[in-house]
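Descriptive structure summary
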Amino acid sequence: MTEDTLPAEYLSPLATLVDEVLACVGYEMEAATNAIDDAVPGYGGLFDPATTPAELRRALDDLLASDLTRPPAPTPTSDSFILYVDGSSRGNPGPAGAGAVIMDDSETELVRLGRPVGSRTGNNTAEYVALQLGLVGLLGRYEPQHLEVRIDSMTVIRDIWDGGDPPGLGVETYRTAIERALATIPDHRYTHLADSDPNPADALATVGADIAAFGPG
């Protein structure tokens, strides 16, 4: 395994295994889903209704026992980066996922990250997890000197950048990790995304929420 599994809320055993596979590939969602789809027998895949929980569990166990590794990181144009992040909770609370997209300063996509957050988790927590996911993914691959975080959560913005109070219990672990990560980046700022602004991390958070909805397995 190339990365430690990041902390999560409660997940079913099956969703936890998917999250562990994601950790092996540095939370690169496409790499993980392709590996899982290839490991599932027949014509099924991670989200194919024809794939039984038993088949999926066997495929996940086999992958975790293999030499699955993180794909090589593309070369950026400079030490300046853009990070899109988004969290999604279906039901708020409900199955929740987090997504992050790392770009260089030419706005070329470098890495697309995603993961499940919890089976009954609120949207605020998912937003914190998304920022943590993106920062850990960025610092694990590059040495950023300048960073613009593009984010739609005013709750996270007020807490992390504007000195506001945290939104309540449940985000302390993620908040501490975020503050430590940002402290290593000399220049960082945020841009608030309106609901109408495109956010490439949104689709990754949705897939993470789909994984979080998996049953016990």
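Just so we're clear, the structure is a prediction, and the values are computed from it rather than from any experiment. (Residues numbered from 1 in each chain as written. Predicted model: local features only at pLDDT ≥ 70, side-chain atom pairs only at ≥ 80, totals over all residues. Heavy atoms only, no water.)

Points about the packing of helix 4 (residues 123–141) against helix 6 (residues 172–183)
For any two helices packed against each other, one specifies the inter-axial angle together with the distance between the axes. Between helix 4 and helix 6, the least distance of the axes is 9 Å, while the angle of their chain directions is 35 degrees. Helix 6 is crossed by helix 4, and the crossing has left-handed handedness. Of the residues in helix 6, those touching helix 4 at Thr125, Tyr128, Val129, Leu131, Gln132, Leu135 and Leu139 are Tyr174, Arg175, Ala177, Ile178, Ala181 and Leu182. A per-class count over the contact of helix 4 with helix 6 returns 10 nonpolar, 2 polar and 1 charged. (Axes fitted to C-alpha atoms, helices over the stretch in contact; angles between N-to-C directions. Helix = DSSP H or I, 4+ residues; strand = E, 2+ residues; numbered from the N terminus. Left-handed = near helix turned anticlockwise from the far one by under 90°. Contact = heavy atoms within 4.5 Å. Nonpolar A, V, L, I, M, F, W, Y, C, P; charged D, E, K, R; others polar.)

Thoughts on the pairing of strand 4 (residues 146–151)
Burial of strand 4 is extensive: 5 of the 6 residues sit out of reach of the surface. Examined bridge by bridge, strand 1 (residues 80–89) and strand 4 share 5 bridges and lie parallel to one another. Within strand 4, the residue paired with Ser80 across the bridge is His146. Examined bridge by bridge, strand 4 and strand 5 (residues 187–192) share 6 bridges and lie parallel to one another. (Buried < 20%, exposed > 50% of the residue type's maximum accessible area, 1.4 Å probe, protein only. Pairing = 2+ DSSP bridges.)

Quick word on the packing of helix 2 (residues 29–39) against helix 3 (residues 53–64)
The interhelical angle for the contact between helix 2 and helix 3, taken along N-to-C directions, is 115 degrees, at an axis separation of 9 Å. As helix 2 runs across helix 3, the sense of the crossing is right-handed. Within the contact between the two elements, helix 2 uses Ala35, Ile36 and Ala39 and helix 3 uses Leu56, Ala59, Leu60 and Leu63. Broken down by class, the residue content of the contact of helix 2 with helix 3 amounts to 7 nonpolar, no polar and no charged.

So, the nonpolar core
Judged by nonpolar contacts, the single largest core of 66 residues is most densely connected at Ile36, Leu83, Ile102, Leu131, Leu135 and Leu147. Built from parts of two domains, this core gets at least three residues from each of domain 1 (13–65) and domain 2 (80–213). Ignoring any residue separated from it by four or fewer positions in sequence, one finds Leu83 in contact with Ala100, Val101, Ile102, Leu131, Gly134, Leu135, Leu147, Glu148, Val149 and Arg150. (Core = buried A, V, L, I, M, F, W, Y, C linked by side-chain atoms within 4.5 Å. Domains from an automatic or database assignment.)

Examining the domain arrangement of the protein chain
Where the parts come together, the accessible area they lose is often given as the size of the interface. Domain parsing of the protein chain yields domain 1 (13–65) and domain 2 (80–213). Inter-centroid distance (C-alpha atoms) of domain 1 to domain 2 is 24 Å. Contacts between the two partners involve 11 residues from domain 1 and, on the opposite side, 14 residues from domain 2. Summed over both partners, the interface of domain 1 with domain 2 buries about 960 Å², with 67% contributed by carbon and sulfur atoms. For the domain 1 face of the interface with domain 2, the top three residues by lost area are Tyr27, Met29 and Phe47, together amounting to 52%. Applying the counting criterion to the domain 1 and domain 2 interface returns 2 salt bridges. (Buried area = accessible area lost by both parts, 1.4 Å probe. Salt bridge = Lys/Arg side-chain N within 4 Å of Asp/Glu carboxyl O.)

Considering the sheet that holds strand 1
Taken in spatial order, the 5 strands make up an open sheet running 3-2-1-4-5, and their pairing is mixed. The sheet is open, and its two edges are formed by strand 3 (109–121) and strand 5, each paired on a single side. Sheet twist, expressed as the average angle between the axes of neighbouring strands with direction ignored, equals 20 degrees. Bridge analysis of strand 1 against strand 2 (residues 94–104) gives 9 bridges, and the strand direction is antiparallel. Paired with Tyr84 across the bridge in strand 2 is Val101.

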